[in-house]
Amino acid sequence: MPPRISVVIPVYNGAKYLREALASVMEQTYKPFEIIVVDDGSTDGSADIAKSFAENIIVLSQANRGESAARNLGINAASGDWIAFLDADDIWHPKKLERQSVHCTAETDCIHTNFFYFGICEGKVDVSSIAKEVRYSIPHVAVHNPFRISSVVIRKDLPVRFPEWTQDGEDLLFFLDLCLKARIRLVPEFLTGYRVHEEGQSRKPDMLIRRFAALIEYFKRRPEICECDADKALTGFVDQIARQAVLARYTRRWDEYRCLKRFLKEYDGTLSPLARQVRREMVGPQFLYTLKDAFTKVFRG
């Protein structure tokens, strides 16, 4: 039988982008078995948008409990054999489910695609050149994350759910569990669109620090992960924080830079050379950089 794919879309005050996300589902060349929108206590009419968009959309509502609880509710309510996730601000290429459906077999538990960014910045992420044994290793996924939640289709009976004990980095922790328990296949086409916008969680200054704390707790809850892999993951993640601090300084996002640098100064674990450099570097008053940028713009203009 053709695979029955249920689409689960969590939404919290996502009225601005929800119609575009739903339209990308309705335009799929391989039609989903059902579409489930889980309204996580929205106050902007997101549930009404979903109900009015198409008659065959199932809308579930809950008090605001976070994306993990919303996705888990959608998984448990789904009648399909497979679950495809789509965030309310992302989109799919029309052939996404078609390309993934051919791999929904007894030999596979999870299928994901390459993805592209759009919105305030644009680009593509191609993970197909990374060897499979590295691509789905715990240290690599923790730091470089080859997935996006909107790119993933999983078998419904797979014993993996989103962690509800945290609202920081839930997707990443879910992906780590997939690497422990699932047989994963990549569709190398760029079929998932990941929207980057100012309201996204990734724009918060302390986002990486909160994810790091969740990652530490995750490893405590997963004793089956060897200590070596956990240490590599944590050291690599701290180096990622250092790289983000450098980027924040060059792009003059000072709140984020100070937040990340403060973390590096207080962190007592293993630090990469870059992290040590960021921790000891001296940064002058913000107005000096404003003047420097202004003069640079004049001279270049």
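Numbers given for residues are sequential positions, taken from 1 along each chain in its written order. Side-chain atom pairs in this predicted model are given and counted only at pLDDT of 80 or more, local residue features only at pLDDT of at least 70, and totals for whole chains, interfaces and linings cover all residues. Heavy atoms from the whole structure form the basis of all side-chain values; hydrogens and water molecules are not counted.

Domain extents, as shown, originate in an automatic or database domain assignment. The domain architecture assigned to the protein chain consists of domain 1 (5-201) and domain 2 (204-289). In this structure, domain 1 and domain 2 have C-alpha centres spaced 27 Å apart. The interface of domain 1 with domain 2 comprises 16 residues on the first partner and 20 residues on the second. Approximately 1600 Å² of surface area, both sides summed, lies buried where domain 1 meets domain 2, with 66% of it carried by carbon and sulfur atoms. The term salt bridge refers to a side-chain nitrogen of Lys or Arg lying within 4 Å of a carboxyl oxygen of Asp or Glu. One can count 2 salt bridges joining domain 1 with domain 2. The residue Asp177 makes a salt bridge to Arg222 at a minimum N-O spacing of 2.9 Å. For the purposes of these results, a polar contact is taken to be a pair of N or O atoms within 3.5 Å, where, inside protein, one atom must be able to donate a hydrogen and its partner to accept one; residues adjacent in sequence count only when each atom of the pair is a side-chain atom. Linking domain 1 with domain 2 are 4 residue pairs in polar contact (both at pLDDT 80 or more). Of the residues in the side of domain 1 that touches domain 2, the class split is 9 nonpolar, 5 polar and 2 charged. Residues count as neighbours in contact if any of their non-hydrogen atoms are within 4.5 Å of one another. Reported buried area values correspond to the accessible surface (1.4 Å probe) lost by two parts on association, with both partners' losses combined. Side-chain classes are defined by residue name, with Ala, Val, Leu, Ile, Met, Phe, Trp, Tyr, Cys and Pro counting as nonpolar, Asp, Glu, Lys and Arg as charged, and the others, Gly among them, as polar.

Another aspect to go through is the side chain of Arg155. The helix and strand labels rest on DSSP assignments: H or I over at least four residues marks a helix, E over at least two residues marks a strand, and numbering proceeds from the N terminus. Residue position: Arg155 is located in strand 8 (residues 153-155). The contact partners of Arg155, leaving out residues within four places of it in the chain, are Asp81, Trp82, Thr105, Ala106, Thr108, Asp109 and Arg183.

Turning to unusual backbone geometry, a few remarks are in order. Phi at Asn145 takes a positive value of approximately 45°, unusual for a residue other than glycine. Along the polypeptide, Asn145 turns up in the loop between helix 6 (138-144) and strand 8. Even without being glycine, Arg252 reaches a positive phi, approximately 60°. By the secondary structure assignment, Arg252 is in the loop between helix 9 (227-250) and helix 10 (254-266).

This part covers the packing of aromatic side chains. Classification of ring pairs rests on two measures: the distance between centres of Phe, Tyr or Trp rings, Trp counted by its six-membered ring, which must be within 6.5 Å, and the angle between planes, read as stacked under 30 degrees, edge-to-face over 60 and tilted in between. This structure, assessed with the given rule, holds 15 aromatic pairs. Measuring from centroid to centroid gives 6.0 Å for Phe85 and Phe174, while their planes differ by 85°, and the two rings are edge-to-face. With Phe85 in strand 4 (residues 82-85) and Phe174 in helix 7 (residues 170-181), this residue pair connects regions lying 89 residues apart in the sequence. The interplanar angle of 45° and the centroid separation of 6.2 Å between the aromatic rings of Phe116 and Phe118 together place this pair among those described as tilted. The buried label applies to any residue whose accessible area, calculated with a 1.4 Å probe on protein chains only, is under 20% of its type's maximum; exposed applies above 50%, and partly exposed to all values in between. In this structure Phe118 comes out as buried when scored by relative accessible area, which is 13%. One aromatic cluster in this structure is built from Phe85, Tyr136, Phe147, Phe162, Phe174 and Phe175. Sitting over the face of the ring of Phe190, Lys124 holds its NZ or CZ atom 4.8 Å from the ring centroid. For a ring to carry a charge above it, either NZ of a lysine or CZ of an arginine must fall within 6 Å of the ring centroid while also lying within 35 degrees of the normal to the ring plane. The side chain of Arg249 reaches across the aromatic face of Tyr250, ending 4.9 Å from its centre.

Moving on, we get to the pairing of strand 1 (residues 5-11). Counted residue by residue, strand 1 has 7 buried out of 7 residues, so it is predominantly covered. Side chains of strand 1 alternate between two faces, with Ile5, Val7, Ile9 and Val11 and Ser6, Val8 and Pro10 buried alike. Between any two strands, pairing holds if DSSP finds at least two bridges. With 4 bridges connecting them, strand 1 and strand 4 associate as parallel partners. Considered in strand 4, the bridge of Val7 is made with Ala84. Inspection of the sheet shows strand 1 paired to strand 2 (residues 34-40) by 6 bridges, in the parallel sense. Each bridged residue has a counterpart across the sheet, and for Val7 the counterpart in strand 2 is Ile35. Orient the strands so they point away from the viewer, and a crossover whose first-strand-to-second-strand path over the helix runs clockwise is right-handed. Once the chain exits strand 1 it traverses helix 1 (residues 15-26) before rejoining the sheet at strand 2, and the crossover so formed is right-handed.

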